[in-house]
Amino acid sequence: MQDDWRQIKEQVRRDQEAFDRHSARLLEALTRRGVAVYCRRGCRKCCTLTVNATFVEALGIAQCLTPEQGAAVATHASRLSEIASAAKDFKEYLRTCRTHLGFCPLLDADGACGIYPVRPFACRALLSTRDSDWCAVDFSCLHPAEKQAFMSGLDPSVVAFPTHYVAAAQDLGREFEERTAAAMIKRFGFSLRGNLSFLISLEQQLGVSELVPQGLEVTRRALIRAGFDLPFVVHMESLGA
Ligand code: SF4
């Protein structure tokens, strides 16, 4: 069982390195085109977004947290569960997370990612073509004229329109995340994905890495018993689904 996880986590580690090499080449190409990318150490505004990941990525992170980081994640995940349980729909869940949850619990006091070398593909894939203040904007609250001005300044050949994030980096992130989920399906018959903090807390509270090799139904039943089968927050995908 440990060997299964060791191999799959090693694949993720290699893929993260490959992603970073692709991303560096992409940044060079954007610079040659005169496209500015504003992401800098400590700019952190995108860390108010809901971060999703595969369980494999979350497991790798869970195993290298300090006790303080672990406690911060547990608190965050518990508040997230309350929000997900109370939300009427996915939109409300996302909006309430953004307004009530605050920053990712893995953010350091100096505004840098506290787990930078092992951060998930979803975080690696966010390259901002606007000042970081735009990463914190809730567009549903923006005046239509401001929204229009923002969108008309975007280059649709670069960004994942109507966002200001580089499309090619997002595509790459999705591709690597799919590879990770596919590796999990191949090894265990199903994949587990969802909110990063929530997945880490599943490992902390239920030891999900011990349940997954016993199959989808065993894992699903354990989540249901614990009240953790929250559809906005955690998803399972099996072979042929
Ligand atoms: S994992 Fe790191 S980069 Fe991603 S949201 Fe959290 S602090 Fe930010």
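Note: the structure precedes this text.
Notes on the structure in this doc start here. Fair warning: this is a prediction, and the values are worked out from it, not measured in the lab.

Description of the overall build of the protein
Secondary structure assignment for the protein yields ten helices and three strands. Starting at the N terminus and ending at the C terminus, the protein contains elements arranged as α-β-α-α-α-α-α-α-β-α-α-α-β. Along the first, second and third principal axes, the C-alpha set of the protein runs to 50 × 40 × 40 Å. Within the protein, buried positions represent 44% of all 241 residues. When contacts within the protein are restricted to residue pairs at least 6 apart in sequence, those whose partners lie at least 24 apart make up 75%. Entry remark: accessible area of the protein is about 12400 Å², with carbon and sulfur atoms responsible for 54%.

Quick word on the site of the ligand
Neighbouring residues of the ligand: C47, V51, C104, L106, L107, C113, I115 and C123. Class assignment for the residues of the shell around the ligand results in eight nonpolar, no polar and no charged.

Overview of the pattern of salt bridges
For the structure shown, the criterion picks out 15 salt bridges. For E92, the salt bridge goes to K88, with nearest N and O atoms at 2.9 Å. Given a relative accessible area of 18%, E92 falls into the buried group. Counted as one network, the salt bridges with shared partners bring together E10, R13, R14 and E17.

A word on the nonpolar core
The biggest cluster of nonpolar side chains holds 43 residues, and the ones touching the most others in it are W5, L106, M184 and I200. Top contributing element to this core by residue count: helix α2 (residues 55-62), with six residues. In this structure, V35, L127, F150 and V158 belong to the second largest nonpolar core, which totals eleven residues.

Brief notes about the environment of P231
With respect to the element layout, P231 can be found in the loop between α10 (216-225) and β3 (234-238). Looking at P231, the relative accessible area reads 59%, which means it is exposed. Put simply, P231 and G194 are 37 residues apart on the chain and 9.1 Å apart in space, counted from C-alpha to C-alpha.

Some details on the sheet that holds β3
Within a sheet, adjacent strands bond to each other through the backbone by hydrogen bonds, running parallel or antiparallel. Taken in spatial order, the three strands make up an open sheet running β1-β2-β3, and their pairing is antiparallel. Unpaired on one side and paired on the other, β1 (52-54) and β3 mark the two borders of the sheet. Put simply, the sheet's adjacent strands are angled 20° from each other on average, direction ignored. Judged from the three bridges that link them, β1 and strand β2 (residues 190-195) form a sheet pairing that is antiparallel. From the neighbouring strand, A53 faces β2, where its bridge partner is G194. Its contacts with the sheet put helix α8 (residues 196-206) on β1, β2 and β3, and the angle it makes with β2 is roughly 120°.

What to know about the side chain of T54
Counting through the fold element by element, T54 comes out in strand β1. Residue T54 is classed as buried on the basis of its relative accessible area, which comes to 1%. Polar side-chain contacts of T54 include one of 2.8 Å to the side chain of E57. Setting aside residues up to four positions removed in sequence, T54 forms contacts with E177, T180, A181, L192, R193 and L199.

Examining the environment of S140
Among the structural elements, S140 can be located in the loop between α5 (121-124) and α6 (144-152). A relative accessible area of 53% places S140 in the exposed class. Between the C-alpha atoms of S140 and R95, which are 45 residues apart in sequence, the distance is 8.9 Å. A polar side-chain atom of S140 sits 2.6 Å from a polar atom in the side chain of D138.

Quick look at the packing of aromatic side chains
Tallying each qualifying case throughout the model produces twelve aromatic pairs. Ring centres 4.7 Å apart and planes at 35° place the aromatic pair W5 and F188 in the tilted group. Here the residue W5 occupies a position in helix α1 (residues 2-32), and F188 occupies one in helix α7 (residues 167-188), the gap between them amounting to 183 residues. Side by side, W5 and F188 carry an identical accessibility label, which is buried.

Conventions adopted
- Residues numbered from 1 in each chain as written.
- Predicted model: local features only at pLDDT ≥ 70, side-chain atom pairs only at ≥ 80, totals over all residues.
- Heavy atoms only, no water.
- Helix = DSSP H or I, 4+ residues; strand = E, 2+ residues; numbered from the N terminus.
- Buried < 20%, exposed > 50% of the residue type's maximum accessible area, 1.4 Å probe, protein only.
- Contact = heavy atoms within 4.5 Å.
- Areas by Shrake-Rupley, 256 points an atom, 1.4 Å probe, with all protein chains shown as cover.
- Near = heavy atom within 4 Å.
- Nonpolar A, V, L, I, M, F, W, Y, C, P; charged D, E, K, R; others polar.
- Salt bridge = Lys/Arg side-chain N within 4 Å of Asp/Glu carboxyl O.
- Core = buried A, V, L, I, M, F, W, Y, C linked by side-chain atoms within 4.5 Å.
- Pairing = 2+ DSSP bridges.
- Axes fitted to C-alpha atoms, helices over the stretch in contact; angles between N-to-C directions.
- Polar contact = N/O pair within 3.5 Å; in protein donor to acceptor, adjacent residues only side chain to side chain.
- Phe/Tyr/Trp six-rings, centres within 6.5 Å; stacked < 30°, edge-to-face > 60°.

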